[in-house]
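Fold and contact review
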Amino acid sequence: MSILINKDTRILVQGVTGREGLFHTGQMVQYAGNVVAGVTPGKGGEWVLDGKVPVFDSVRSAVDMTAANCSVIFVPARFAPDAMYEAADAGIPLIICITEGVAVQDMMRVRAYLDQKDVRLVGPNCPGLLTPGEAKAGIIPGNIAIPGSVGVVSRSGTLTYEVLYALKSRGLGASTCVGIGGDPVNGTNFIDVLEMFEGDPHTDQVVLIGEIGGTDEEKAADFISRSMSKPVVAFIAGQTAPPGKRMGHAGAIIEGGAGTAEEKVAALQSAGVRIAQHPEQIADMIRG
Amino acid sequence: MKLHEYQSKQIFARYGVPIPRGQIASTPEEAGRIAQELGGRVVIKSQVLVGGRGKAGGIRLAKTPEEAVDLARAILAMEIKGLPVRKVLVDQAVNIVKEIYLGITNDRAARRPVFMASAAGGVEIEEVARETPEKIIKLHIDPLLGLREYQSRDLAIGMDLPRELWRPFQAIAQGLWQAYNDTDATLAEINPLVITSEGNLMALDGKMLVDDNAMFRHQEMDSLRDLDVEAPAEIQARENGLSYIKLDGEIGCMVNGAGLAMATMDIIKLSGGEPANFLDIGGGAGADKVAAAFRIILSDPNVRAVLINIFGGITRCDEVARGILSAMEQVQTSIPMVVRLVGTNAEEGRRILADANMGTAETLVEAAQKAVQAARGGQA
């Protein structure tokens, strides 16, 4: 029914006692109930959310006790690299880093380290994953999406919600929604997710939401034209963005004239991808 | 954050990179005194954060301290590409035999730092990259290993440097790498690195960009920030943890999330309007942040209407709604507003706004159309 997460996923939350961590752990528990542990060093032995989620001092001890197999990270940016190393070293195969503002040199080191292990990192600076009706690992509001056969992959957070919401309002559901994040160096890119959707028997079509900066959309276009049989609809944010300015996301910047929305749209169109003019239009272009 | 030439060179020098003797001056008299101390010919270099200083007449050679005073006076009165020259660097002049380019930047596609070196230094490296890309040597660095000695040697060999300069060049490359690493730079560049008539290597110009996300561990560098390059509203936004970029349109935007903010700007344009700004209030924005965002948007006199588009994930719509109301109390304005709240706690947020009689919209298209209409003098 999905990629990356499903009803059997056992979620652990790093930074579970922080303001955002606790709020969203509550949301995840409410959505599917499969949060098995939280980690906050120094608070091991406590319980949060009315005794629903046990807190551990380390990821290792949490994994030993609960067999968690997916970590969602909410710790502040300066501690996030360490949280990713800790999760990887504890053997967590799927790490989702929600934290925004991680330094890029830190991320280059994290990525180089994780590449040596059998670990998939999603993010940082991402909304995480949602497999509607089964599991939620991150901050995508559960009530804006319904189960279905549209795979959604996006560099953005709230823009993704917009699309899920528009799909739902037309009765269309998602197989899995993957927010890969808006940072220049991240764990999972478009191609990784497109490949998974192509191989997922329960995904019939795919929505790709990109933005200005970098060349990930162009690479995705190349992959789609060579290796994808499922139809893809895309939206690229930032048609009105001026060059040289970082549009919020560290990765959303037109540098040296490269990474413009026009180039990305052209590349995707030539790969047979249909382009939406605005996010709500995506839902109209999906075949119900 | 961009650093000035003199700041970058001072950092490089701390890592053993040879730079010319020189000092920074804010007045012509100071420049004259420095020129006197240095003796001989000096170069007066405007310190502004734009390219093309030389072409604009912002870099001049002075043969005497008196000439240094005159040139510094002229340069300090200049504005280069809209930026005032507040400081000049007075450097001892050097006889140049050869100019080299040496720089490190982040290659986002390769997810690692890349060293670039070229024997065709002195000009804009983008130009070399465009016209004669074969003249640039690129070398990716494993972020866990750092620059290895054989790699810096490869750069020296690749540029056909004379053998006696390999070691000093390698020391400079290593110094530049350390500087890049220790300061969390996203760019560290020496252009040109020159061979002097005495046969030494020296960094004549320097440029650094530092990752704003890493400033938490470089608080000492905060004082190096040049506020001239940022619009006052952009500075105010940064201090409030907001991301704001001023544009030329008439519809102010307040959005949570960068992608949605860009999409909101795009749809305003598609609906026949022009966005006045990009503004991302970020994740988990509370009432105080929303109020600050409001003041920043309304400080732009071109704004004729404001579109608030919040899709709650981390951000809770009820908090945003309270922020809007508290901001409205602080900032008295007659500018029409269109609010759209969806997602986490949206119903609560909409109820709060409805109680206060604020105009709302359901879809993004509807919100954009209403905002465009309101900006033209219609009803929100």
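Thresholds applied
Residues numbered from 1 in each chain as written. Chains lettered and ligands numbered in written order. Predicted model: local features only at pLDDT ≥ 70, side-chain atom pairs only at ≥ 80, totals over all residues. Helix = DSSP H or I, 4+ residues; strand = E, 2+ residues; numbered from the N terminus. Buried ≥ 20, exposed ≤ 12 C-beta atoms within 10 Å, placed from the backbone. Contact = placed C-beta atoms within 7 Å. Pairing = 2+ DSSP bridges. Axes fitted to C-alpha atoms, helices over the stretch in contact; angles between N-to-C directions. Core = buried A, V, L, I, M, F, W, Y, C linked by C-beta atoms within 7 Å. Nonpolar A, V, L, I, M, F, W, Y, C, P; charged D, E, K, R; others polar. pLDDT = per-residue confidence, 0-100. Right-handed = clockwise from strand over helix to strand, strands pointing away.

Regarding its fold elements, chain A presents nine helices and 14 strands. When its C-alpha atoms are laid out on the principal axes, chain A stretches across 55 × 40 × 30 Å. Split into buried and exposed, the 288 residues of chain A put 58% on the buried side. For chain A, the proportion of contacts with a sequence separation of at least 24, taken over those separated by at least 6, is 71%.

With that settled, consider the sheet that holds strand S12 (residues 205–211) of chain A. All names here are of chain A. In spatial order, the strands read S9-S8-S11-S10-S12-S13-S14; together these seven strands make up an open sheet with mixed pairing. Edge positions in the sheet fall to strand S9 (135–138) and strand S14 (274–275), since each of these pairs with one other strand and no more. Taken together, the three bridges between strand S8 (residues 128–131) and strand S11 (residues 174–179) define a ladder with antiparallel strand orientation. When the bridges of S11 are listed, Gly 128 appears paired with Gly 179. Packed on one face of the sheet, helix H5 (residues 158–169) meets strand S10 (147–154), S11, S12 and strand S13 (232–237) and runs near 160° to S10.

Turning our eyes to something else, we now look at the nonpolar core. Membership of the largest hydrophobic core comes to 158 residues, with the highest contact counts inside it found for Ile 73 and Ile 96 of chain A together with Leu 279, Leu 307 and Ala 371 of chain B. Ignoring sequence-local partners within four residues, the contact set of Leu 279 of chain B consists of Leu 242, Tyr 244, Cys 253, Met 254, Val 255, Ala 261, Ala 293 and Ile 297 of chain B. Among the nonpolar cores identified, the runner-up in size contains 37 residues, and Ala 185, Leu 193, Ala 203 and Met 208 of chain B belong to it.

This part takes up the sheet that holds strand S7 (residues 88–92) of chain B. Residue and element names in this part refer to chain B. Pairing is antiparallel across the open sheet formed by four strands, whose spatial order is S2-S7-S3-S4. Two strands close off the open sheet at either side, each with one partner strand: strand S2 (22–25) and strand S4 (59–62). The sheet shows a mean angle of 20° between the axes of neighbouring strands, taken without regard to direction. Here S2 runs beside S7; their pairing, made up of four bridges, is antiparallel.

Attention now goes to the interface of chain A and chain B. A common way to express how large an interface is: the accessible area buried when the components associate. Contact residues are listed per partner, giving 50 residues for chain A and 47 residues for chain B. Breaking the side of chain A that touches chain B down by element, the ones donating at least two residues are helix H4 (104–114), H5 and helix H9 (279–285) of chain A. Broken down by element, the side of chain A that touches chain B gets its largest block of residues, seven residues, from H4 of chain A. A class-by-class count of the residues in the side of chain A that touches chain B yields 24 nonpolar, 16 polar and ten charged.

Time to look at the confidence of the model for chain B. Where the model shows low pLDDT, its predicted coordinates should not be examined in detail. With 98% of its residues at a pLDDT of at least 70, chain B reaches an overall mean of 91. For this predicted complex, the interface confidence reaches an ipTM of 0.90, while the overall pTM sits at 0.92.

Our focus in this paragraph is the pairing of S13 of chain A. All names here are of chain A. With six of six residues buried, S13 is to be regarded as a mostly interior element. The two faces of S13 match: Val 232, Ala 234 and Ile 236 on one face and Val 233, Phe 235 and Ala 237 on the other face are all buried. By the bridge criterion, six bridges tie S12 to S13 in an arrangement that is parallel. Looking at S13, one finds that Val 206 is bridged to Val 232. A crossover connection joins S12 to the parallel S13 through helix H7 (residues 216–227); in handedness this β-α-β unit is right-handed. Relative to S14, S13 runs parallel, the two being bridged by two bridges. Along S14, the bridge assignment pairs Ala 234 with Ile 275. One crossover worth recording links S13 to the parallel S14 by way of helix H8 (residues 261–270), and it is right-handed.

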